[in-house]
Amino acid sequence: MNVTKYEHACLVLEHENQRLVIDPGGFTAPLPPLDNVTAIVITHQHPDHWTGEQLARIRENNPDAPIFGPAGVAAAASDWNVTTVVDGANETVGVWTLEFFGGEHAVIHESIPVIDNLGVLVNGEFWYGGDSFTVPPKPVASAAIPAGAPWLKISEVMDYVAELAPKRAIQTHDAVLSDKGLALSVARITDVMVGYGGEFTVLRPGETLAL
């Protein structure tokens, strides 16, 4: 299984010539034409994680690709026939086994309502928590780790990585950081992972890592 990182929080996984697209949002440049997309996952309704324009680009070549997301996504993307999933849900589409865990977005501020957010564990191996520090109830081999956001501080990310303890990880949610800010976050995450024998890889948009 391979993962390709696009700008900010969008990831495309590939396995046996099938693709899974996660969080194609507005902070991501228009996605290139993608074939063989057999599923789309949207972790929550914020526009940096999905837009109708990005979904239209994906669906142009993949009109039957189902979209999965929590209730807030189904309401926000009501024109797209989203399959609503909940904590503990399990969906199998093509080569993808998708297990959903969590329930709520991390708190940004007490004045801002907390919305639905579900992380996804792909094929029992790759974990992406969306905008949360949810740790799934089973070990994960690899993960996407948020590098910067209005809802986090680096000490929380470090604690999250230590608890999650993936053997391999890449960064996500990084469009809000300058190059220097990203380097700082990467250094702190790397320190934690090196401490238990893990490996952290920084991917630039369009780069791919074999998991």
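Figured I'd write up the structure that's included with this text. Because the structure is a prediction, the values reported are computed rather than measured. (Residues numbered from 1 in each chain as written. Predicted model: local features only at pLDDT ≥ 70, side-chain atom pairs only at ≥ 80, totals over all residues. Heavy atoms only, no water.)

Leu-13, Leu-98 and Val-122 are the most contacted members of the largest nonpolar core, which has 26 residues in total. For this core, the secondary-structure elements that each account for two or more residues are strand S2 (11-15), strand S3 (18-22), strand S4 (37-41), strand S8 (96-104), strand S9 (116-122) and strand S10 (126-128). Non-local contacts of Val-122, meaning those with residues more than four positions away in its chain, are made with Met-1, Leu-13, Leu-20, Ile-22, Trp-96, Thr-97 and Leu-98. (Core = buried A, V, L, I, M, F, W, Y, C linked by side-chain atoms within 4.5 Å. Buried < 20%, exposed > 50% of the residue type's maximum accessible area, 1.4 Å probe, protein only. Helix = DSSP H or I, 4+ residues; strand = E, 2+ residues; numbered from the N terminus. Contact = heavy atoms within 4.5 Å.)

Spatially, S6-S5-S4-S3-S2-S1-S14 is the arrangement adopted by the seven strands of the open sheet, whose pairing is mixed. Of all strands in the sheet, those with a lone pairing partner are strand S6 (83-84) and strand S14 (208-210), marking the two edges. Along the sheet face, helix H1 (residues 52-61) touches S3, S4 and strand S5 (67-69) and points at about 165 degrees away from the line of S4. (Pairing = 2+ DSSP bridges. Axes fitted to C-alpha atoms, helices over the stretch in contact; angles between N-to-C directions.)

Turning next to the pairing of S3. Counting buried residues in S3 gives four out of five residues, a clear majority hidden from the surface. When S2 meets S3, the two strands line up antiparallel, connected through five bridges. Pairing of Glu-14 across the sheet is with Arg-19, part of S3. Here S2 folds back onto S3 in antiparallel fashion, the turn holding two residues, of which Glu-16 has a positive phi close to 50 degrees. Note that S3 and S4 share four bridges and pair parallel. When the bridges of S4 are listed, Arg-19 appears paired with Val-37.

Attention now goes to the side chain of Asp-174. The topology assignment puts Asp-174 in the loop between strand S12 (168-172) and helix H4 (179-196). Accessibility expressed as a relative area gives 12% for Asp-174, which makes it buried. Apart from the residues lying within four places of it in its own chain, the contact partners of Asp-174 are Lys-5, His-8, Ala-147 and Leu-182.

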